Amino acid sequence: MAADLVQNVMAAVPESNTALLGCLTTPNEMAPSVNSLLSRAVESFLSKEYDSCVQLCEPLLDLTWEKLNTGHWKDVHLCWRYLYSLVSLLKGASEVVIATIRSENTGNDVIKNNLANSIKTFDMGLLMGAPIFGNVLSKLSLHVHDWLGTNSSFQTPGAELTSSGKKLIQSDNLTENEDAKSTRLCCQCSEMCKEGNCEHFENISKKPKMEITNIKIKSKNQIKRVRCPSMELFRKEYLCSKHPVIITDAMGHWPAMGCRRWSLDYLKKIAGYRTVPIEIGSKYTDDKWTQKLMTVSEFIDQFITADMSRSNDVTGSRLKQDKPVGYLAQHQLFNQIPELQDDIVIPDYCVLGGTGSTNPETSDDDVEEVDINAWFGPKGTVSPLHHDPKENFLAQVVGRKYIRLYSEVMTPYLYPHDGFMDNTSQVDAVNPDYAKFPRFKNATYRECVLEEGEMLFIPQKCWHYVRSLSVSFSVSFWWK
Ligand SMILES: O=C(O)CCC(=O)C(=O)O
Ligand SMILES: [Fe+2]
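Cut-offs and rules
Residues numbered from 1 in each chain as written. Chains lettered and ligands numbered in written order. Predicted model: local features only at pLDDT ≥ 70, side-chain atom pairs only at ≥ 80, totals over all residues. Heavy atoms only, no water. UniProt positions renumbered as here; feature names shortened; annotations may be inferred. Helix = DSSP H or I, 4+ residues; strand = E, 2+ residues; numbered from the N terminus. Buried < 20%, exposed > 50% of the residue type's maximum accessible area, 1.4 Å probe, protein only. Contact = heavy atoms within 4.5 Å. Donors = N, O, S within 2.8 Å, 3.2 Å for Na, K, Ca; no water. Pairing = 2+ DSSP bridges. Axes fitted to C-alpha atoms, helices over the stretch in contact; angles between N-to-C directions. Domains from an automatic or database assignment. Buried area = accessible area lost by both parts, 1.4 Å probe. Salt bridge = Lys/Arg side-chain N within 4 Å of Asp/Glu carboxyl O. 1 Å grid on protein atoms, 1.4 Å probe; cavity = no way out; pocket = protein on both sides within 12 Å on 5 of 7 lines; lining within 4 Å. Points joined across faces, edges and corners; volume = space filled by probe spheres on them. Nonpolar A, V, L, I, M, F, W, Y, C, P; charged D, E, K, R; others polar. Core = buried A, V, L, I, M, F, W, Y, C linked by side-chain atoms within 4.5 Å. Near = heavy atom within 4 Å. Polar contact = N/O pair within 3.5 Å; in protein donor to acceptor, adjacent residues only side chain to side chain. Areas by Shrake-Rupley, 256 points an atom, 1.4 Å probe, with all protein chains shown as cover. Parallel < 35°, antiparallel > 145°, perpendicular 65-115°, else oblique. Left-handed = near helix turned anticlockwise from the far one by under 90°. Expected span 1.5 Å × (residues − 1).

The name an unreviewed UniProt entry assigns to the protein is JmjC domain-containing protein 5, from the organism Mizuhopecten yessoensis. As its UniProt record puts it under Cofactor (unreviewed entry), the protein is described as follows: "Fe(2+)". A UniProt comment under Subcellular location (unreviewed entry) is attached to the protein, and it reads "Nucleus".

(A) Geometry of the overall build of the protein. Along the protein, the regular secondary structure elements total 15 helices and 15 strands. Taking all 480 residues of the protein together, 51% fall into the buried category. Once local pairs closer than 6 in sequence are excluded, the contacts in the protein between residues at least 24 apart make up 77%.

(B) Representation of the coordination of the iron ion (ligand 2) in the model. On the protein side, the iron ion (ligand 2) has His386 (NE2), Asp388 (OD) and His464 (NE2) as donor atoms, found 2.1 to 2.2 Å from it. Mapped onto the polypeptide sequence, the residues donating to the iron ion (ligand 2) form the spacing pattern H-x1-D-x75-H. Take His386 and Asp388: they sit in the same class, and that class is buried.

(C) The sheet that holds strand E14 (residues 463-468), seen in detail. Strand order in the open sheet made by the 4 strands is E9-E14-E11-E12, with antiparallel pairing throughout. On the outer flanks of this sheet lie strand E9 (382-386) and strand E12 (446-450), each paired with one strand and no other. Averaged over all neighbouring strand pairs, the angle between strand axes comes to 15°, with direction disregarded. When E9 meets E14, the two strands line up antiparallel, connected through 3 bridges. If you follow Val382 over to E14, its bridge partner there is Arg467.

(D) Structural context of the domain arrangement of the protein. For the protein, the domain assignment lists domain 1 (1-151) and domain 2 (219-311 + 322-354 + 368-479). Domain 1 puts 15 residues into the contact, and the matching count from domain 2 is 15 residues. Counting the surface domain 1 buries against domain 2, the share from its top three residues, Asp123, Leu127 and His145, is 44%. Inspection of the region where domain 1 meets domain 2 yields 1 salt bridge.

(E) Up close: the layout of surface pockets. Put simply, the largest pocket is a space of about 1,400 Å³. Around the largest pocket, the lining comprises 32 residues; the ones closest to its centre are Glu279, Trp289, Gln291, Ala329 and Gln330. The element best represented in the lining of the largest pocket is strand E7 (residues 326-331), accounting for 4 residues. Of the residues in the lining of the largest pocket, the class split is 17 nonpolar, 12 polar and 3 charged. Split by domain, the lining of the largest pocket shows at least three residues from each of two domains, domain 1 (1-151) and domain 2 (219-311 + 322-354 + 368-479).

(F) How the structure looks around the sheet that holds strand E6 (residues 290-295). A sheet is described by the order of its strands in space; here 9 strands give the open sequence E3-E4-E13-E10-E15-E8-E7-E5-E6, paired in mixed fashion. Bordering the open sheet on either side are strand E3 (225-227) and E6, each of which pairs with just one other strand. Each neighbouring strand pair of the sheet contributes to a mean axis angle of 30°, computed without reference to strand direction. Judged from the 2 bridges that link them, E7 and strand E8 (residues 371-377) form a sheet pairing that is antiparallel.

(G) Structural detail: the nonpolar core. Counting 54 residues, the largest nonpolar core has Leu38 and Leu115 as its most contacted members. The set of elements that each furnish at least two residues to this core consists of helix H1 (2-11), helix H3 (32-46), helix H4 (50-68), helix H5 (78-99), helix H6 (108-128) and helix H7 (136-150). When residues of this core are assigned to their parent elements, the largest contribution, 13 residues, is made by H5. Sequence-distant contacts of Leu115, defined by excluding residues within four places in its chain, comprise Leu5, Val96, Ala99, Thr100, Val144, Trp147 and Leu148. With 51 residues, the next largest nonpolar core counts Phe299, Leu333, Tyr349 and Ile372 among its residues.

(H) Structural detail: the site of ligand 1. Around ligand 1, the neighbouring residues are Tyr327, Trp375, Ser383, His386, Asp388, Asn392, Leu394, Lys401, His464, Val466, Ser476 and Trp478. The separation between an oxygen atom of ligand 1 and a polar side-chain atom of Asn392 is 2.9 Å. Within the contact set of ligand 1, an oxygen atom lies 2.7 Å away from a side-chain nitrogen or oxygen of Lys401. Burial of ligand 1 by the protein chains amounts to 100% of its free accessible area of 290 Å². Mapped by element, the contributors of at least two residues to the shell around ligand 1 are E9, strand E10 (391-398), E14 and strand E15 (472-479).

(I) Up close: the packing of H3 against H4. Close contact between H3 and H4 brings their axes to 8 Å; oriented N to C, the two are set at 150°. Taken together, H3 and H4 sit at an angle that is classed as roughly antiparallel. By crossing handedness, the relation of H3 to H4 is classed as left-handed. Taken together, the residues of H4 that come into contact with H3 (itself represented by Val34, Leu37, Leu38, Arg40, Ala41, Ser44 and Phe45) are Tyr50, Ser52, Cys53, Leu56, Cys57, Pro59, Leu60 and Leu63. Taken together, the residues of the contact of H3 with H4 sort by class into 12 nonpolar, 2 polar and 1 charged.

(J) Spotlight on H4. With 19 residues, H4 should reach 27 Å at 1.5 Å per residue; the first-to-last C-alpha distance of 26 Å fits that figure. Those residues of H4 hidden inside the fold are in contact with H1, H3, H5 and H6.

(K) Looking closely at the environment of Pro459. Here Pro459 is to be found in the loop between strand E13 (455-458) and E14. Distance in space between the C-alpha atoms of Pro459 and Cys240 is 9.4 Å, their sequence separation being 219 residues. If we skip the residues at most four places from it in the chain, Pro459 touches Lys242, His243, Pro244, Lys390 and Glu391.

Written out as structure tokens, the structure reads:
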């Protein structure tokens, strides 16, 4: 069994010195000492001396890490990113061999921890390096993760959805949507089902609802909802005129939406051992805000499940304030874990491009350029008022979010920060300090509660403030 895993991992790694070093194609700036350390690591790997390979990789990774974290990311020479990936590959693949074949008598927990470490090594290469050998690091992480998942003695414990057995994801519909029954792919009978008609969906809707904050939106401020507009209508009414709009009934065919697939359980199963960056602190403009790398399972246990049990605890309010919010925010999770990308669908409207071009010749390339980010966190995550350089569809897959928008023309009233944070307002949009920011009184806005299955079009440069009202998973598509 373990031998199969090793065989599969090794089959993905090039077998010769020249092929391995071939990924460092960019002119490199590496000192001779680095090159010599790397040659020894490659040699150890190829002669199956895996312990010494790991030992040689460690100082190489430390040294490269320093290069990657000195100065601005965009100024780091590409050769260091390729090197980081290559060394992560050698180290991770060696760790797989050490974890399995060499550790057969050490017990399942040791094997599991060691394999989890090898996934971490591959992920660090993915997060910090540049893609090599057809994205081999992504394939190998997936491989080892799948292997742990299919061998029952190694499975991650199932996610407790809530401490009281409630379902994680369930939201109220706004009145405007009450009769909009979306069609979804049912994951139990594998057919397109009308929500409400299918017995499986009926079962879901009978489950108790999760506690959610009630938000009153003034009707004059409410962002308009339209049901899956035609391309032409969207282009003319919203894209060209820079009008935000909520698009309903355009996500029913996403596999992620079928039977509300993205439960905590499912995310742990697909990505539990994967390492991701987590923002910790109430919002990125706070002094205490920081980032930490942790596995998806650790994040769910520490910041989502734990938060949900605190919310259900009557004494929870004080404790809740003590615990910082964790947010998997603006992360290209779908590049890192392509398996999850299969659950989502890039909105067709993205082919229109920011100028509203309908030229079909350019459409494929345009779709390639869509930046897809994951935003996954507990209730109470806040993205302070800011704007972005691209058009955006913020698609709500799980839970609900309160969103407030200020158009670009409101900028003089919004007090942007100076310097590199000049796309972020200094004002706390929902609790403004008018003594400090008097002009903010003049800023008018539109708002909404974005519900599960809805996509909000946020025009380029449109200011947005976002707060989650429940456990939430959104996917943003930035496109030009
Ligand atoms: O959902 C959030 O917290 C922020 C989303 C956002 O800022 C974006 O998609 O550009
Ligand atoms: Fe944004």
